[in-house]
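Structure assessment
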Amino acid sequence: MKLARVLLPNQEIHVVVVEESAVRVLDFSQVQNVQRLTDILHSPDPTGLANFLIDTNVAPVAIEEVHFLAPVDQQEVWAAGVTYKRSQQARMEESEHAASHYDLVYSADRPELFFKATAQRVVGHQEPVRVRNDSSWSVPEPEFAIFLTPEMHVCGYTIGNDMSARDIEGENPLYLPQAKVYNQCCSLGPWVTLGSSDFDLSSVDIKLGIERNKEQVFSGETKLDQLNRTLDELASWLGKEMDFPNGVVLLTGTGIIPPDEFTLESGDVVTIDISNIGQLINPVEKG
Ligand code: DO4
Ligand code: MG
């Protein structure tokens, strides 16, 4: 089952169940203590609860008439890094002085985990992601993202874009927060697909396409089974010394990085496809 936060044609924001060609609005007045998408995700039976909440008095709304908002409420967004061979190689090349850090972290027990965004800095499907004004080498990072409950159990998946300023990150690893965290630095969506960590990673393809003036200027793909850590392993490291009362979203790292001469420009359109999950599209703005 897929759940989303949407803006309806009447300008109301609602949580919905996403079906093939329409969305079904949920009525939260029926159950106490269930007010947000997060409350459904963290409930013992998200699918049963969402089915129960479908408002049968409201007609299904055609999918092309709704605007998908980022599927987050108050969760922090964290990210894992250097979890694919391709990311390790690219980081070692971009970073003259710190190449060995990336090499070591790829095979170390402890993964690289960094804070990525508050919900307020996340954009949804079709909303613009940004390139920093002080970066001249920025790329999108297409990532499989997991929703975790406060108990750090996987309760759903979505598509994530971990926008990254490679020049800032490559100049000095201590600049990582500036390379990664800024307004509109992260896109998530369009919806949450409910599920747990017993997910067959080998069946999932991740694809990235970038268009400029309607021409494809980059395309690449990988498979989720190239991830060198398990979802439970990443979740358990993230929850070691931190509580997440609102749950947390974790981006699991990128396995696709455009060639070194490529940088995003204003007006580019980034499309990320993850099989069985969906398609996330964002235009790019600079400044
Ligand atoms: O170490 C820098 C960030 C790595 C990252 O974001 C990734 O591998 O996806
Ligand atoms: Mg990343």
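As a starting point, this report considers the structure included with it. Note that the coordinates shown come from a computational prediction; the quantities given were computed from them, not determined experimentally.

Reading the values: the criteria
Residues numbered from 1 in each chain as written. Chains lettered and ligands numbered in written order. Predicted model: local features only at pLDDT ≥ 70, side-chain atom pairs only at ≥ 80, totals over all residues. Heavy atoms only, no water. Helix = DSSP H or I, 4+ residues; strand = E, 2+ residues; numbered from the N terminus. Rg over C-alpha atoms; globule rule 2.2 N^0.38 Å. Buried < 20%, exposed > 50% of the residue type's maximum accessible area, 1.4 Å probe, protein only. Contact = heavy atoms within 4.5 Å. Areas by Shrake-Rupley, 256 points an atom, 1.4 Å probe, with all protein chains shown as cover. Lys, Arg positive; Asp, Glu negative; His and termini not counted. Charge placed at Lys NZ, Arg CZ, Asp CG, Glu CD. Donors = N, O, S within 2.8 Å, 3.2 Å for Na, K, Ca; no water.

1. Brief notes about the overall build of the protein chain
Scanning the protein chain for helices and strands turns up seven helices and 19 strands. Over its C-alpha trace the protein chain gives a radius of gyration of 19 Å, about what one expects of a compact globule, namely 19 Å for 287 residues. Over its C-alpha atoms, taken along the principal directions, the protein chain stretches across nearly 60 × 45 × 30 Å. When the 287 residues of the protein chain are sorted by exposure, 55% land in the buried category. Taking as baseline every contact in the protein chain between residues at least 6 positions apart, the subset at least 24 positions apart corresponds to 74%. Carbon and sulfur atoms form 46% of the exposed surface of the protein chain, whose accessible area is close to 12,700 Å². Computing the positive centroid from 21 side-chain charges and the negative centroid from 43, the protein chain places the two 3 Å apart.

2. Points about the coordination of the magnesium ion (ligand 2)
Only E141 (OE), E143 (OE) and D162 (OD) from the protein reach the magnesium ion (ligand 2) as donors, at distances of 2.0 to 2.1 Å. For the magnesium ion (ligand 2), all donor residues lie on one chain, and their spacing in sequence is E-x1-E-x18-D. You can see E141 sitting in the loop between β10 (138-139) and β11 (142-148) and its partner D162 sitting in strand β12 (residues 154-162), a full 21 residues away along the chain. The exposure class assigned to E141 is buried, which follows from its relative accessible area of 2%. Residue classification places D162 among the buried positions, given a relative accessible area of 1%.

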